[in-house]
Amino acid sequence: MSKLQALIFDVDGTLADTERDGHRIAFNQTFAEVGLGWSWSIELYRELLAIAGGKERIKAYIHQYCPEFEPPADLQGWIANLHQAKTNHYRQLVLKGEISLRTGVRRLIEEARQQQIRLAIATTSTLDNVTALLETNLAPDSPSWFEVIAAGDVIPNKKPAPDIYKYVLQTMHLQPEECLAIEDSHQGLKSATQAGIKTVITLNAYTQTDDFSGAALVLDHLGEPGLPFRVLGGSAGTATYFNVALAKSLLGDYSPFQGYEAQ
Ligand code: XBP
Ligand code: MG
């Protein structure tokens, strides 16, 4: 029996390029709505993405960039309300179809389902954001395709801490060696690998200069039969797009495709 039992997907930057034209826009819409005069440029947001979690990101921004800001007595409560408004704006963007899945994501998920590979999600983002993205872009019932959608504050320590991936393993009663994680960032790679899970990276414009040491494979995207991926780290043998057979080979399973070097 193959060691591969489950694929665990990150969301932001992995299932879809959600940050620059999604979350960042939703934050700015919210700041404008409440008259804060804050606006996160594409470049500033790149820096702020080093902080996982929207609430944590707002708090870090205040401390690093707003010395004149007079925090309300209940800063945590104030940030939570602001973040809920941001989540509402983000969901609207997603529900309008303004965020689409990345190359190969739908194909890989559907292939995994056909081959009874279990599916899970491990994300820092808010659960409502994830369900909106799945229902709008995959299928109305697609959240139920994932045995676990581990999101946001379900764990105390967000990525790069391993908590979110350990939560998925515990909930699914799986060992790390039975799973493969698909991520987009150094933070996500650290989180998954610290939980003992081999990790494939599909980088993006915000994460292309991240340190991906320790990744099983680094790709520009998952590819499609007619749209080969570029291998930027590790070895995919003769594969030109990421599928279940390649996932199995990365776990050292036998692969029907010649040329793979078991990792
Ligand atoms: C990326 C994150 C999230 C999003 C914003 O999550 O760090 O915080 O940037 O979403 P992922 P929230 O683990 O999927 O890459 O505002 O809901 O946190
Ligand atoms: Mg991500």
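Residues numbered from 1 in each chain as written. Chains lettered and ligands numbered in written order. Predicted model: local features only at pLDDT ≥ 70, side-chain atom pairs only at ≥ 80, totals over all residues. Heavy atoms only, no water.

Re the overall build of the chain
For the chain, the helix and strand inventory stands at nine helices and seven strands. Scaling as 2.2 N^0.38, a compact globule of 263 residues should have a C-alpha radius of gyration of about 18 Å, and the chain matches this with 19 Å. A principal-axis box enclosing the C-alpha atoms of the chain has dimensions of 60 × 35 × 35 Å. Across the 263 residues that make up the chain, the buried fraction comes to 56%. Counting only contacts in the chain whose residues sit at least 6 apart along the sequence, the fraction spanning at least 24 positions is 61%. As presented, the chain carries roughly 11600 Å² of accessible surface, and 50% of it is formed by carbon and sulfur atoms. (Helix = DSSP H or I, 4+ residues; strand = E, 2+ residues; numbered from the N terminus. Rg over C-alpha atoms; globule rule 2.2 N^0.38 Å. Buried < 20%, exposed > 50% of the residue type's maximum accessible area, 1.4 Å probe, protein only. Contact = heavy atoms within 4.5 Å. Areas by Shrake-Rupley, 256 points an atom, 1.4 Å probe, with all protein chains shown as cover.)

A word on the layout of surface pockets
Approximately 660 Å³ is the volume attributed to the largest pocket. Together, 39 residues line the largest pocket, and D12, E19, L49, D184 and Y206 are the ones closest to its centre. Of all the secondary-structure elements, those providing two or more residues to the lining of the largest pocket are α1 (19-33), α2 (42-48), α3 (54-65), α4 (75-95) and α8 (186-194). Its residues placed into classes, the lining of the largest pocket shows eight nonpolar, 17 polar and 14 charged. Computed from the structure, the second largest pocket encloses a volume of approximately 200 Å³. (1 Å grid on protein atoms, 1.4 Å probe; cavity = no way out; pocket = protein on both sides within 12 Å on 5 of 7 lines; lining within 4 Å. Points joined across faces, edges and corners; volume = space filled by probe spheres on them. Nonpolar A, V, L, I, M, F, W, Y, C, P; charged D, E, K, R; others polar.)

Details of unusual backbone geometry
Most peptide bonds take the trans configuration, and most residues that are not glycine carry a negative phi. With an omega of 10 degrees, the peptide bond running from K159 to P160 counts as cis. Within the secondary structure, P160 sits in the loop between β3 (148-151) and α7 (163-172). Not every positive phi belongs to a glycine, and Q116 is a case in point at roughly 55 degrees. According to the relative accessible area criterion, Q116 is exposed, its value standing at 63%. Positive phi, normally seen in glycine, also occurs at H173, with a value near 55 degrees. By the secondary structure assignment, H173 is in the loop between α7 and β4 (179-183).

Focus on the packing of α7 against α8
Interaxial distance between α7 and α8 falls to 7 Å at its minimum, and their mutual angle equals 45 degrees. By the angle between their directions, the pair α7 and α8 is classed as oblique. With respect to the hand of their crossing, α7 and α8 are arranged in right-handed fashion. Of α8, the residues touching α7 (which contributes I164, Y165 and K166) are G188, S191, A192 and Q194. Of the residues assigned to the contact of α7 with α8, the class counts are three nonpolar, three polar and one charged. (Axes fitted to C-alpha atoms, helices over the stretch in contact; angles between N-to-C directions. Parallel < 35°, antiparallel > 145°, perpendicular 65-115°, else oblique. Left-handed = near helix turned anticlockwise from the far one by under 90°.)

Here's the deal with helix α5 (residues 105-114)
Of the residues making up α5, those classed as buried are V105, R107, L108, I109, E111 and A112. The elements touched by buried residues of α5 are β1 (6-9), β2 (118-123), β4 and α9 (244-250). The positive-phi residue at the C-terminal boundary of α5 is Q116, with phi of around 55 degrees.

Brief notes about the environment of P225
If you trace the backbone, P225 turns up in the loop between β6 (217-219) and β7 (231-234). Along the backbone, P225 and D184 are 41 residues apart, and their C-alpha atoms lie at a distance of 21 Å. Those residues in contact with P225, other than ones at most four positions away along the chain, are R107 and Y241.

Considering the coordination of the magnesium ion (ligand 2)
D10 (OD), D12 (O) and D184 (OD) make up the full set of protein donors to the magnesium ion (ligand 2), lying at 2.1 to 2.2 Å. Every donor residue of the magnesium ion (ligand 2) comes from the same chain, spaced as D-x1-D-x171-D. One end of the pair, D12, is in the loop between β1 and α1; the other, D184, is in the loop between β4 and α8, and 172 residues separate them in sequence. Under the relative-accessibility criterion, D184 is labelled buried at 7%. (Donors = N, O, S within 2.8 Å, 3.2 Å for Na, K, Ca; no water.)

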